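Working through the structure, step by step
So the chains spell out like this:
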Amino acid sequence: MNAKPDAAAPTVLAVANQKGGVAKTTSVASIGAALAELGQSVLLVDLDPQACLTFSLGIDPEDLELSVHQVLTKGSDPGEVIISTDDGVDLLPATIELARAEADLLTRTGREHVLRGVLEDLAAAEKHYDWVLLDCPPSLGVLTVAALTAADGVLVPLQCETLSHRGVGQLLDTVHDVRRFTNRGLAVWGVLPTLYDGRTNHARAVLDTIAETYDLEVVEPPIPKTIKFAEAPAAGRSILATSRTSKGAKAYREVAASLLTRSGR
């Protein structure tokens, strides 16, 4: 396991957008691997019942007996569920069972704090990380709210196409509610442009609209649209391993360095 025995509290970053297909999982895997390259100890948490992050890091969810589902709903020890991956990051994996978690947690008192409690349990067991990245499901349900409640910041991947930003307002409303009720310190770290086609004026116009409409920082550089991203999950690695010198890998390294500077680590 890659956790450090003695360290300050981790920087917890939720990667969230209720719209699917915006490269959320790709961003979590790639930023995590890039931070690991920079010498950071990293835990990725797969909160999506589709388990795409788990699969993309070379782990078949159907082979797992324990996952984040048991940790969140049954109180299983997260240290026994975490898996080390070839990308140099640790993973708290998901399985399809997680689809039941929303219902299981819905009537539970303090359900918004369940993930924060898990991370505190890890720290109490002296499993310390520099970073915890939370891959949120494409919804604004219990799991996403729990992630936002546990996080220091939220990063919003956004596909640079017309109408792709219509859900951003809803997400920011949820962030506002979380700040009021469960996590006063939650900060919006900005929008991460993904699937970006620099050849079109339209993509940049969408970005400018987002920045102006919602007064959000745009995290640079934009992540380019490339087939290399589609090839990486089949290899069970991030693009930083499968196509190290590609534009996509280079962009994620720059984003990771920017986030590292912002965190003050």
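Structure's up top.
We now turn to the structure provided with this report. Remember, predicted model here, so these are calculated numbers, not experimental data. (Residues numbered from 1 in each chain as written. Predicted model: local features only at pLDDT ≥ 70, side-chain atom pairs only at ≥ 80, totals over all residues. Heavy atoms only, no water.)

Let's talk about the overall build of the chain
Each helix and strand counted, the chain has twelve helices and seven strands in total. Over its C-alpha trace the chain gives a radius of gyration of 17 Å, about what one expects of a compact globule, namely 18 Å for 265 residues. Seen through its principal axes, the chain has C-alpha atoms that stretch 50 × 40 × 35 Å. Per-residue burial for the chain yields a buried fraction of 53% across its 265 residues. In the chain, of all internal contacts separated by at least 6 residues, the share reaching a separation of at least 24 is 81%. For the chain, the exposed area adds up to about 11400 Å²; of that, 49% sits on carbon and sulfur atoms. The distance from the centre of the 24 positive side-chain charges to the centre of the 34 negative ones in the chain is 5 Å. (Helix = DSSP H or I, 4+ residues; strand = E, 2+ residues; numbered from the N terminus. Rg over C-alpha atoms; globule rule 2.2 N^0.38 Å. Buried < 20%, exposed > 50% of the residue type's maximum accessible area, 1.4 Å probe, protein only. Contact = heavy atoms within 4.5 Å. Areas by Shrake-Rupley, 256 points an atom, 1.4 Å probe, with all protein chains shown as cover. Lys, Arg positive; Asp, Glu negative; His and termini not counted. Charge placed at Lys NZ, Arg CZ, Asp CG, Glu CD.)

Notes on the pairing of strand S1 (residues 11-15)
Most of S1 sits out of view: five of its five residues are buried. Burial of the side chains of S1 extends over both faces: Thr 11, Leu 13 and Val 15 are buried on one face and Val 12 and Ala 14 on the other. Pairing of S1 with strand S6 (residues 153-159) involves three bridges; the strand directions are parallel. Among the inter-strand pairings, Ala 14 is bridged to a residue of S6, identified as Val 154. (Pairing = 2+ DSSP bridges.)

Digging into the environment of Leu 91
Tracing the backbone shows Leu 91 in strand S4 (residues 90-92). A sequence separation of 42 residues divides Leu 91 from Leu 133, and the C-alpha atoms of the two residues are 9.6 Å apart.

Things to note about the side chain of Gln 70
Relative to the elements of secondary structure, Gln 70 occurs in helix H3 (residues 68-74). A polar contact of 3.0 Å, which involves the side chain of Gln 70, links it to the side chain of Glu 97. Not counting the four nearest positions on each side in its chain, Gln 70 is found in contact with Glu 65, Gly 75, Ser 76 and Glu 97. (Polar contact = N/O pair within 3.5 Å; in protein donor to acceptor, adjacent residues only side chain to side chain.)

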